Amino acid sequence: WVKRQRCAVSLDPARALLRWWRSPGPGAGAPGADACSVPISEIITVEETDTHGKRSSSGKWQKMEKPFAFTVHCVKRARRRRWKWAQVTFCCAEEPLCHLWLQALQELLAKLTSRPKHLLVFINPFGGKGQGKRIYERKVAPLFTLASITTEIIVTERANQAKESLYEINIDKYDGIVCVGGDGMFSEVLHGLVGRTQRNAGVDQNQPRAALVPSPLRIGIIPAGSTDCVCFSTVGTNDAETSALHIIVGDSLPMDVSSVHHNSTLLRYSVSLLGYGFYGDIIKDSEKKRWMGLIRYDFSGLKTFLSHHCYEGTVSFLPARHTVGSPRDRKPCRAGCFVCRQSKQQLEEEQKKSLYGLENTEEVEEWKVVCGKFLAINATNMSCACPRSPQGLSPAAHLGDGSSDLILIRKCSRFNFLRFLVRHTNQYDQFDFAFVEVYRVKKFQFLPEHVEEEDSDLKERGKMRFGPVCSDTPPCCGAASNSSWNCDGETLSSPSVEVRVHCQLVRLFARGIEEGPKEERDS
């Protein structure tokens, strides 16, 4: 019995489900009854409930003078892929029965070994609207306490503090790292964790062909930034409570990371957008206008669009033959993604073959070269979706398939480029233009037309591997200066880069975007 309602409860260990049926009349559990269920994996905790002094709306507990009760704290799904903290209290007249239920549920929860117990939390108090500390204290900390998760909190005071801390402190005692902030804060934690892992493994990050070692720790993201692209692309919403619940239940989502090198020196790692031309010019210009706040991105975007600069160069890339999907198959990455699993397996088969010395020969044969004048060159490891662009820059990009979607936007009119940009906000195919090319790649290089003296060695290596590059042919346009690379919101100084995708190098406390009703998917 639960207050005024009949309630039949069942525990199904085989399916790891807790079910209950509520009905106003006899026959609870019969067809037509109000049935509810929650997976054991989505129960936060179970605790005994004190019912003394509580009354129902009628002033007494129906058919129970002194009820015994326990409360199940669990996940409840809401609209737009949000998760909410829910509570269900069950009452019974017998204390032994109540304790039996408590013991059974607690034993099942104890078997969920993937759940974190001790976390290191970095909070950026300045990112976005400066609400990171407040969001954590009000929305996240109470849930962690409820789930008996202990934390050590570091409130950052300067740029790169999180990265430096992860190089110095003992991280073996933690079950995961949580960052409270925007994409910049996540990038700091990513660089610190990946860098620390490679140092411990004796891997030289400056070698472009080095096989990086995956980190054993997961990263949790509590969104508190201006865009929160990584969180939106991996969870489907920028909601702090949702992200906290994914951390609590111990979800795990492997994710690709791209390394960006210049002259055998690691510049940065990228997980979302690596953009040259349009997006590079935006981020470079916006850095000069920090005094404007978040509106600087809109201002710099409009200014860059009106400037309409294009840049000449050569893009050489190695197609990702191992992947199952394609950038235009309209099959987005979702929770339990088959494409990511299958592509990972096929990539591992390729890597086994390379042990026999076949890799160099195959790569020379498969490298493709595209040269010309580009408004933008974008490489995305994920859809790069955000509230302003729900489909993202590449809607069918996958989080863990070991590839990046390379998008080349050739020189075109302002009107056509505007048409291309507008399609990022609707359901139409944004690659369906004659001036847009998209390829799924696992490595690529870019050489600008105006190669600086320090890049001459890279240019010569490019000639030997791919033949003449654009700058050795008659110019297809007037002289133009070089742009900058936008690497996950940070500016890279060198226009000449070598990029490689590392399959499933890191794991997040997430499970990917869950499929929902059509009206929610289209919202």
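Rules used throughout
- Residues numbered from 1 in each chain as written.
- Predicted model: local features only at pLDDT ≥ 70, side-chain atom pairs only at ≥ 80, totals over all residues.
- Heavy atoms only, no water.
- Helix = DSSP H or I, 4+ residues; strand = E, 2+ residues; numbered from the N terminus.
- Contact = heavy atoms within 4.5 Å.
- Polar contact = N/O pair within 3.5 Å; in protein donor to acceptor, adjacent residues only side chain to side chain.
- pLDDT = per-residue confidence, 0-100.
- Salt bridge = Lys/Arg side-chain N within 4 Å of Asp/Glu carboxyl O.
- Buried < 20%, exposed > 50% of the residue type's maximum accessible area, 1.4 Å probe, protein only.
- Axes fitted to C-alpha atoms, helices over the stretch in contact; angles between N-to-C directions.
- Parallel < 35°, antiparallel > 145°, perpendicular 65-115°, else oblique.
- Left-handed = near helix turned anticlockwise from the far one by under 90°.
- Nonpolar A, V, L, I, M, F, W, Y, C, P; charged D, E, K, R; others polar.
- Core = buried A, V, L, I, M, F, W, Y, C linked by side-chain atoms within 4.5 Å.
- Domains from an automatic or database assignment.
- Phe/Tyr/Trp six-rings, centres within 6.5 Å; stacked < 30°, edge-to-face > 60°.
- Pairing = 2+ DSSP bridges.

Named according to an unreviewed UniProt entry, the chain is Ceramide kinase originating from Neomonachus schauinslandi.

Caption draft 1: Region of interest: the environment of His 118. Tracing the backbone through its elements, the reader meets His 118 in strand β7 (residues 118-123). The residues contacting His 118, other than those within four sequence positions of it, are Thr 150, Thr 151, Glu 152, Lys 173, Tyr 174, Asp 175 and Gly 176. Reaching out from His 118, the side chain makes a polar contact with the side chain of Thr 150 at a distance of 2.7 Å.

Caption draft 2: Representation of the confidence of the model for the chain in the model. Model confidence for the chain is summarised by a mean pLDDT of 85, while 83% of its residues fall at 70 or above. For residues 1-5, every residue scores under 50 in pLDDT, and the model assigns this stretch 16 contacts once sequence neighbours within four places are set aside. Predicted confidence for residues 471-479 stays below pLDDT 50, and this span has 13 contacts to residues more than four positions away or in other chains.

Caption draft 3: Spotlight on the pattern of salt bridges. Within this structure, the stated rule accounts for 18 salt bridges. A salt bridge links Lys 84 to Glu 241; the nearest nitrogen and oxygen atoms lie 3.7 Å apart. Of this pair, Lys 84 sits in strand β6 (residues 83-92) while Glu 241 is found in helix α6 (residues 240-248), placing the two residues 157 residues apart along the sequence. Taking the relative accessible area as the measure of exposure, Lys 84 reaches 27% and is therefore partly exposed. Close ionic contact of Lys 303 with Asp 285 constitutes a salt bridge, the shortest N to O distance being 3.0 Å.

Caption draft 4: Quick look at the side chain of Glu 437. Residue position: Glu 437 is located in strand β17 (residues 436-448). When its relative accessible area of 18% is taken as the criterion, Glu 437 is described as buried. At 2.5 Å, the side chain of Glu 437 forms a polar contact with the side chain of Tyr 439. For Glu 437, the contacting residues outside a window of four places in its chain are Val 370, Leu 406, Ile 407, Leu 408 and Arg 410.

Caption draft 5: Structural context of the packing of helix α3 (residues 161-168) against helix α4 (residues 183-201). For the pair α3 and α4, the least separation of the axes is 7 Å and the interaxial angle reads 25 degrees. The angle between the axes of α3 and α4 places the two elements in the roughly parallel class. Crossing of α3 against α4: the hand is right-handed. Across from Gln 161, Ala 162, Lys 163, Leu 166, Tyr 167 and Glu 168 in α3, the residues of α4 making contact are Met 185, Glu 188, Val 189, His 191, Gly 192, Leu 193, Gly 195, Arg 196 and Arg 199. Residue composition of the contact of α3 with α4, by class: six nonpolar, four polar and five charged.

Caption draft 6: Region of the structure containing the nonpolar core. The biggest cluster of nonpolar side chains holds 61 residues, and the ones touching the most others in it are Phe 186, Ile 409 and Phe 417. Mapped onto the domain boundaries, this core takes at least three residues apiece from domain 2 (114-251) and domain 3 (258-354 + 366-449 + 481-501). If sequence neighbours within four positions are ignored, Phe 186 has contacts with Cys 179, Ile 219, Ile 221, Val 230, Met 255, Val 271 and Leu 508. With 25 residues, the next largest nonpolar core counts Ile 44, Tyr 136, Val 180 and Leu 245 among its residues.

Caption draft 7: Layout of the packing of aromatic side chains. Per the stated rule, a full pass over the model turns up 15 aromatic pairs. Judged by centre distance (5.0 Å) and plane angle (45 degrees), the ring pair of Tyr 276 and Trp 485 falls under tilted. Highlighted residues: Tyr 276 in strand β13 (residues 273-277) and Trp 485 in strand β18 (residues 485-487), separated in sequence by 209 residues. The two residues Tyr 276 and Trp 485 agree in class, both being buried.

Caption draft 8: Region of the structure containing the sheet that holds β6. Read from one edge of the open sheet, three strands run β4-β5-β6, paired in antiparallel fashion. Among the strands making up the open sheet, the edge pair consists of β4 (43-49) and β6. Averaged over all pairs of adjacent strands, the angle between strand axes in this sheet comes to 20 degrees, irrespective of strand direction. Across the sheet, helix α1 (residues 95-110) is in contact with β4, β5 (68-77) and β6; its angle to β4 comes to roughly 160 degrees.

Caption draft 9: Structural context of the environment of Asp 429. Tracing the backbone through its elements, the reader meets Asp 429 in the loop between α11 (414-422) and β17. Among the residues examined, Asp 429 registers a relative accessible area of 22% and is labelled partly exposed. Linking Asp 429 and Pro 395, residues 34 residues apart in sequence, is a C-alpha distance of 9.2 Å. What Asp 429 contacts, discounting residues up to four positions off in sequence, is Arg 328, Arg 330 and Arg 423. Polar contacts involving the side chain of Asp 429 include one to the main-chain amide nitrogen of Phe 431, which spans 3.0 Å.

Caption draft 10: Examining α6 more closely. Here α6 lies mainly inside the structure; nine of its nine residues are buried. Positive backbone phi, approximately 75 degrees, marks Gly 250, located one or two places after α6.

Caption draft 11: View of the environment of Val 180. With respect to the element layout, Val 180 can be found in strand β9 (residues 176-181). Here Val 180 is in contact with Val 121, Phe 122, Ile 123, Asn 124, Gly 132, Tyr 136, Met 185, Ile 222 and Ala 224, once residues within four sequence places are set aside.

Caption draft 12: Structural context of the pairing of β13. The element β13 is largely enclosed, with a buried count of five among its five residues. Taken together, the five bridges between β13 and strand β15 (residues 368-380) define a ladder with antiparallel strand orientation. By the bridge assignment, Tyr 276 is partnered in β15 with Ile 377. Looking at chain direction, β13 and β18 are connected through three bridges and run antiparallel. Note on β18: the bridge partner recorded for Leu 274 is Cys 487.

Caption draft 13: View of the pairing of β4. Among the seven residues that make up β4, five are buried, leaving the element largely enclosed by the rest of the structure. Note that β4 and β5 share six bridges and pair antiparallel. Across the sheet, Thr 45 pairs through a bridge with His 73, a residue of β5.

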